[in-house]
Amino acid sequence: MINSVTINSFKRFAHQEFDVKPLTVLTGLNGAGKTSFVQSLLLMAEAVRARGNTVRLNGPFGLELGTAEDVQNWRSQNMIEMSLTYDGGVRCNWSFGLPKSDALYLQKVASPQHLPICFSGPPRSFTYLSAERLGPRTSFATSAVPAEDVEVGIRGENCAQLLATLGSVPLSDGSRVHPTASELSGSLFKYEVEQWMSEIVGPIEIDATELPDPMVSLLKFRQPGGEWVRAPNMGFGVSYALPIVAGGLSAISGGLFIVENPEAHLHPAGQSTMGVFLAWLASKGVQVILETHSDHVINGIRLAVGKMKYIACEAVSLLFFDSSESGLPLVQRISVSDRGTLSDWPEYFFDQYQIDVAELGRIRRSK
C-alpha cells in the first residue's frame, strides 16, 4: 500500500507532500490541485510502462497535458520529481527532465529499483476511472486481450466485456462478498455487482454478452421480473456507476483504484451509497483514491466508518485542497473519528448548503 506521495516542480506543486491511506479522498476548490495529484500518479504509472526513457504527456490514461513547459511548475526551474513510499517506508523516486519547452514528452532521468504492486502487478493492479466515463451505449468494442487480462478501461469502455468474462466466475477474493451476505465465499462476480448496483441505483439485473463477430460486447438491464432493455434506456446513472462497482470488485488485492467524480449522474441517495461502497472496498485490500465534489459521498464514507464499521477511522484520510493568495496550493488533512465525525471543517469545505440556507432565512425574515 502507498503511504505517502511527494511532488516537486509539477504543475501547481513546487513542493508538496501527501499522506495517503487505504481510502484517500481528494476534495476542495476547483483548480486547486486535485487533478494534478491524480495526474502525478498516472505519470508514475506511465513511466513504469513506457519503453525507453520517454514518458508521453498526451495519450496514456487519456492524458492531455500539452508540452513539457505546460507541466513544469512556473516557480521552478528544477527537474520534475515524484516519489512515494509504500509498505511502511520503501521509497520510490522518479526524476524527469525537460528536453525542450515544446516537447510533448518528459525524459526519464531516474527510476526506482523496487515498485509497489499497483505499478508492478498483473492487469487490474492499477485502475483509473476518468470523470469522463462513457454514457449509455448499445454496444462496446471488445478489447483484444486474454480473458484474465481484461480491465474496465479508463472510461468504462470495457465494462461489458469484463462482466461477460467474469460474470459466471466466483469472486477471486472471497472477502469481497457483499456485507449482508450469509456466506463469505463462492459468490459469482455478476451477482455481487448486481447487489451493489441495486443499492446504488435501485433493484437491477444485468446481462452482458460478448459477440465474436463483429467483436462487440452488449449490455442489457432489467428490474427483477421485468423486461430486458438496452443500456440507452436506463439512463446515465447506471452507465456511470457500473464501471466503478465492476472495476472495484475485480481489482487485484494490493492494487490501486483511482476514481474521479464517483457521484456523477447519481441521485443523492445513490451518491451516499457509492461512498459506502468505496469505503468498504478500501477495507478489502484495494487502496482507493477518489476525487469528489459531493458531500453525499463524504457522508456515505462517514457512515461506513461510524455506523456500519466497514472500515477503521485510521484508514481514511480527507485531503482538502485550497489556494492561498499567492496561488500556491494548500492541502489540509481532515481525519474521521470512529463515530464518523470530522476533525475540521474549513471554509469552503461543503459549507455552501449552510451559506445558502442562512441567506434564504435572511430573505424570509426581511419581508
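Preceding block: the structure.
Per chain, the residues get numbers from 1 upward, laid out in the order the sequence is written. For a predicted model such as this one, the threshold for reporting local features is a pLDDT of at least 70, and the threshold for listing and counting side-chain atom pairs is 80 or more; totals across whole chains, interfaces and linings nevertheless cover every residue. Excluding hydrogens and water, the side-chain figures rest on all heavy atoms present in the structure.

## Looking at the pairing of strand β8 (residues 126-129)
At step 1: Summary of the burial criterion: residues with accessible area below 20% of their type's maximum are buried, those above 50% are exposed, and those between are partly exposed, where the area comes from a 1.4 Å probe applied to protein chains only. Here a helix means four or more residues in a row that DSSP labels H or I, a strand means two or more in a row labelled E, and each is numbered from the N terminus. What you see with β8 is no split at all: F126 and Y128 on one side and T127 and L129 on the other are buried throughout.
At step 2: A pair of strands is considered paired only if DSSP assigns at least 2 bridges between the two. With four bridges connecting them, β8 and strand β13 (residues 256-260) associate as parallel partners. When the bridges of β13 are listed, F126 appears paired with L256.

## With respect to the sheet that holds strand β16 (residues 329-335)
At step 1: Ordered by their spatial adjacency, six strands build an open sheet running β8-β13-β14-β3-β15-β16, and the pairing between neighbours is mixed. Across the chains shown, the open sheet's two edge strands, defined by having one partner strand only, are β8 and β16. Across the sheet, the axes of successive neighbouring strands diverge by a mean angle of 15°, strand direction being ignored.
At step 2: The pairing of strand β15 (residues 316-323) with β16 spans seven bridges and is classified as antiparallel. Note on geometry: axes are C-alpha line fits, over the in-contact stretch for helices, and angles between N-to-C directions span 0 to 180 degrees.

## As for the sheet that holds strand β7 (residues 105-110)
At step 1: Here we have six strands laid out as an open sheet, ordered β2-β1-β5-β6-β7-β4, and antiparallel in their pairing. A strand with exactly one partner marks an edge of an open sheet, and here the two such strands are β2 (13-19) and β4 (54-56). Going across the sheet, the axis of each strand differs from the next one's by a mean of 25°, ignoring polarity.
At step 2: Any two residues having at least one pair of non-hydrogen atoms within 4.5 Å are treated as being in contact. On top of the sheet, helix α1 (residues 34-49) reaches β1 (2-10), β2, β4, β5 (80-86), β6 (90-97) and β7; it is set at about 95° to β1, its chief contact.

## Comments concerning empty space enclosed by the protein
At step 1: Lining residues are those with an atom within 4 Å of a point, where the points come from a 1 Å grid over the protein atoms alone and group into cavities, where a 1.4 Å probe fits but cannot get out, or pockets, open sets with protein on both sides within 12 Å along at least five of seven lines. Grid points are joined across faces, edges and corners, and a volume is the space filled by probe spheres set on the points. Taken as a whole and assessed by the stated rule, the structure comprises two cavities of 30 Å³ or more.
At step 2: Along its surface, the largest cavity is lined by L134, G135, F140, R155, G156, E157, C159, A160, L219, S239, L242 and P243.
At step 3: Listing elements by their share of the lining of the largest cavity, those giving two or more residues are α4 (159-166) and α6 (236-250).
At step 4: No other element matches α6, which puts three residues into the lining of the largest cavity.
At step 5: Split by residue class, the lining of the largest cavity holds seven nonpolar, three polar and two charged. Under the grouping applied here, Gly and all other residues not named as nonpolar or charged are polar, the nonpolar ones being Ala, Val, Leu, Ile, Met, Phe, Trp, Tyr, Cys and Pro and the charged ones Asp, Glu, Lys and Arg.

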